Amino acid sequence: MIKLSRSMLDHQEKEALCRVVDDGYLGMGSEVRHFEDELKHYIDSENPPYVACVSTGTAALHLAVQALNIGPGDEVLVPTLTYVASFQAISATGATAIATDVDALTGCMDLEDAQKRVTKRTKALMPVHYGSGYGQLNELYAFAKRQNLRVIEDAAHSFGGVFNGQKVGASGDVICFSFDGIKNITCGEGGAVVSRDQAVIQKVSDLRLLGVVHDTQQRYQGKRSFDLEVEEQGWRYHMSNLNAAIGRVQLQKIEQFAEKRRHLYKTYLKFLSPDMGKPLQIDIENAVPHPFIFILSRDLQNKNPHDKRFIRDELRQFLQENNIETGLHYKPNHLLKFYAQKTPHPFPVAEDLWDRMITLPLHCHLSDGDVEHICFLIQLFVSNLSKVSGSSTIFSSSSDKKQAS
Ligand SMILES: *Cc1c(COP(=O)(O)O)cnc(C)c1O
């Protein structure tokens, strides 16, 4: 089975974990402090930003929103095409997540659509580096500046990427990363908030430890706060030494992972043809591609006008039968009951991408041969389709659908 994604771990992560176990202090302590230090120097060695590590990427986004004093009555614009984590992070603060449509080529927040959805209650934008691309991020920042809005980048897909000539996180307002098991680097579970705004990171640092004021500084000296002070609602969102120890090893391998991911991405480009569809547009030389999101050609989709997702679902099943795991990133959030939008504006681009998208395997265990094999199967599927063109029961009950070899 070729998995959609997989962590890349070896004896070095094992040894790092053993070091923490031998030391005997598993909670938040010196490993986390070192990981934060190494992260900020990785992001910008000359002028490091402030960094606070937390338990997940979702926690990073939640605390970023709260640290900007956004809450009940406030609105945050977020592209509908994202993991539900972005939406949950906003609603967790009591603020309202306002979905925007996305750009057709990049799948990222569409500026023009976002402008239509701004109200007096809008406090921030949360653009997502969807599929590891940056979309109209510069234009979105200019827009945010004009409107006096904060920007929280959901950079879960783009750790290690370069934007405007600097590492993602080195410029911008508040940038959030995820280090869950499948991201560009992993801690097992983990996340980080990065900013040049010291007050924001100070606040995130307190909020991750139940809001206990300056508890981080105590813990980094091997102490705890007993005679403590709390000024607002906090959360138990800090990172443990165990997770940080894995992250520190992974961080040393990021350039190696990045090169491999870019290489696999380019191998896909070599073997996928326009009659199949096209990937989301990203600047591959400056990205570290996390998911490989492929948008199937509209001509294929038109083969069954009664069910717009028919071809996408058939292809996924065909690949599954040939031991290739695929995914869907993501079901638009405005289609979820909890986030159904009351605005009159529709989401035509996001819904069209959803009908035609398929995420193909991309991780460091894959070989060029694996990618070539996956592309061969897609080509086979497409040419079988054109043989029976016009039929809406293309593969059902036919045997050539199964087990291509
Ligand atoms: C993974 C991811 C998150 C959440 O990160 P976790 O570490 O899994 O909580 C948020 N947004 C996007 C786009 C993601 O891919």
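Residues numbered from 1 in each chain as written. Predicted model: local features only at pLDDT ≥ 70, side-chain atom pairs only at ≥ 80, totals over all residues. Heavy atoms only, no water.

### Observations regarding the overall build of the chain
Note the threshold: Secondary structure elements follow DSSP: runs of H or I no shorter than four residues count as helices, runs of E no shorter than two count as strands, and numbering proceeds from the N terminus. Radius of gyration here uses only the C-alpha atoms, and the compact-globule reference equals 2.2 Å multiplied by the residue count raised to the power 0.38. The contact criterion used throughout is that any non-hydrogen atoms of two residues lie within 4.5 Å. For the area figures, the Shrake-Rupley method with a 1.4 Å probe applies, and any residue is considered shielded solely by the protein chains shown. Only four residue types enter the charge count: Lys and Arg as positive, Asp and Glu as negative, with His and the chain ends excluded. Charged side chains are reduced to one point each, which is NZ for Lys, CZ for Arg, CG for Asp and CD for Glu.
A count of helical and extended segments in the chain gives 14 helices and 12 strands. Taking 405 residues into account, the globule formula puts the C-alpha radius of gyration at 22 Å, and the chain, at 22 Å, falls close to it. With respect to the principal axes defined by its C-alpha atoms, the chain has extents near 75 × 55 × 35 Å. Here the contacts in the chain between residues at least 6 apart in sequence split such that 71% fall between residues at least 24 apart. On the chain, roughly 17,500 Å² of surface is accessible, and the fraction owed to carbon and sulfur atoms is 50%. When the 44 positive and 49 negative side-chain charges of the chain are each reduced to one mean point, those points stand 3 Å apart.

### Section: the pattern of salt bridges
We apply this condition: The working definition used for a salt bridge is a side-chain nitrogen of Lys or Arg within 4 Å of a carboxyl oxygen of Asp or Glu. Per-residue accessibility, obtained with a 1.4 Å probe over protein chains only, is compared with the maximum for each type, and a residue is labelled buried under 20%, exposed over 50%, and partly exposed between these values.
Under the counting rule described, the total for this entry stands at 24 salt bridges. In this structure, the salt-bridge partner of Lys 123 is Asp 74, at a minimum N-O distance of 2.9 Å. Separated by 49 residues along the polypeptide, Lys 123 in strand β4 (residues 122–125) and Asp 74 in the loop between α3 (57–67) and β2 (75–79) bring together distant segments of the chain. Residue Asp 74 is classed as buried on the basis of its relative accessible area, which comes to 11%. The network of salt bridges with common partners includes Arg 19, Glu 31, Glu 38 and Arg 248.

### Digging into the confidence of the model for the chain
Detailed reading of predicted coordinates is not advised where the pLDDT is low. Rules: Each residue carries a pLDDT score, the predictor's confidence in it, ranging from 0 to 100.
Taken over all residues, the pLDDT of the chain has a mean of 94, while the share at 70 or more is 96%. Averaged pLDDT values for the elements of the chain fall to 90 in helix α11 (residues 298–301) and rise to 99 in strand β9 (residues 191–195). Scored below 50 in pLDDT, residues 390–402 makes 20 contacts in the model with residues more than four places away or belonging to other chains.

### Notes on the packing of aromatic side chains
Which entries qualify depends on this criterion: A pair of Phe, Tyr and Trp rings is counted when the ring centres sit within 6.5 Å of each other, with Trp represented by its six-membered ring. The angle between the planes then sorts it: under 30 degrees is stacked, over 60 is edge-to-face, the rest tilted. By the criterion adopted, a ring carries a charge over it if an Arg CZ or a Lys NZ lies within 6 Å of its centre and within 35 degrees of its normal.
Applying the stated criterion to the full structure yields 14 aromatic pairs. The interplanar angle of 70 degrees and the centroid separation of 5.1 Å between the aromatic rings of Tyr 265 and Phe 292 together place this pair among those described as edge-to-face. With a gap of 27 residues between them, Tyr 265 in helix α10 (residues 254–271) and Phe 292 in strand β11 (residues 292–296) connect regions that are remote in the sequence. A relative accessible area of 5% places Tyr 265 in the buried class. What links up through ring pairs into an aromatic cluster is the set Phe 35, Tyr 42, Phe 159, Phe 177 and Phe 179. Above the ring of Trp 354, the side-chain terminus of Arg 312 is found at 4.4 Å from the ring centroid.

### Considering the side chain of Thr 122
Applicable threshold: Under the rule applied, a polar contact is a pair of N or O atoms within 3.5 Å (in protein, one hydrogen donor and one hydrogen acceptor; residues adjacent in sequence only if both atoms are side-chain atoms).
Mapped onto the elements, Thr 122 comes out in strand β4. Overall, the relative accessible area of 6% leaves Thr 122 in the buried class. Within the structure, Thr 122 has its side chain in polar contact with the backbone nitrogen of Thr 119 (distance 2.8 Å). Once you skip the residues sitting within four places of it in the chain, Thr 122 turns out to touch Glu 75, Leu 77, Arg 117 and Leu 149.

### A look at the site of the ligand
Selection criterion: When at least one non-hydrogen atom of a residue lies within 4 Å of a molecule or strand, that residue is treated as near it. Amino acid classes used here: Ala, Val, Leu, Ile, Met, Phe, Trp, Tyr, Cys and Pro are nonpolar; Asp, Glu, Lys and Arg are charged; the rest, including Gly, are polar.
The local shell around the ligand holds 17 residues, among which Gly 57, Thr 58, Asp 154, Ser 178 and Lys 183 are the closest. Here an oxygen atom of the ligand sits 2.7 Å away from a polar atom, N or O, in the side chain of Ser 178. Within the side chain of Tyr 330, a nitrogen or oxygen atom sits 3.1 Å from an oxygen atom of the ligand. Contact with the protein chains covers 93% of the free accessible surface of the ligand, which is 380 Å². Grouping the constituent residues of the shell around the ligand by class yields six nonpolar, eight polar and three charged.

### Quick word on the sheet that holds β2
Rules: Only strands that DSSP links by at least two bridges are regarded as paired with each other. Note on geometry: axes are C-alpha line fits, over the in-contact stretch for helices, and angles between N-to-C directions span 0 to 180 degrees.
If you trace the seven strands from one edge of the open sheet to the other, you get β1-β9-β8-β5-β4-β2-β3, paired in mixed fashion. Only two strands of the sheet have a single neighbouring strand rather than two, namely β1 (50–54) and β3 (96–100). Neighbour to neighbour, the strand axes of the sheet diverge by 25 degrees on average, direction disregarded. With two bridges joining them, β4 and strand β5 (residues 150–154) adopt parallel strand pairing. If you follow Ala 124 over to β5, its bridge partner there is Arg 150. The sheet strands contacting helix α2 (residues 30–43) are β1, β8 (174–178) and β9, and the helix crosses β1 at an angle near 135 degrees. Across the sheet, helix α4 (residues 84–91) lies against β2, β3 and β5, angled at about 180 degrees from β2, the strand it touches most.

### With respect to α2
The line we're drawing: The length a helix should cover is 1.5 Å for every residue beyond the first. By construction, the arc corresponds to the directions joining the helix axis to the C-beta atoms.
Helix length check: α2 (14 residues) gives 20 Å between terminal C-alpha atoms against 20 Å at 1.5 Å per residue, within 8%. All of the buried residues along α2 are Glu 31, Val 32, Phe 35, Glu 36, Leu 39, Lys 40, Tyr 42 and Ile 43. Around the axis of α2, the buried residues are gathered within 165 degrees of arc, so they sit on the same side.

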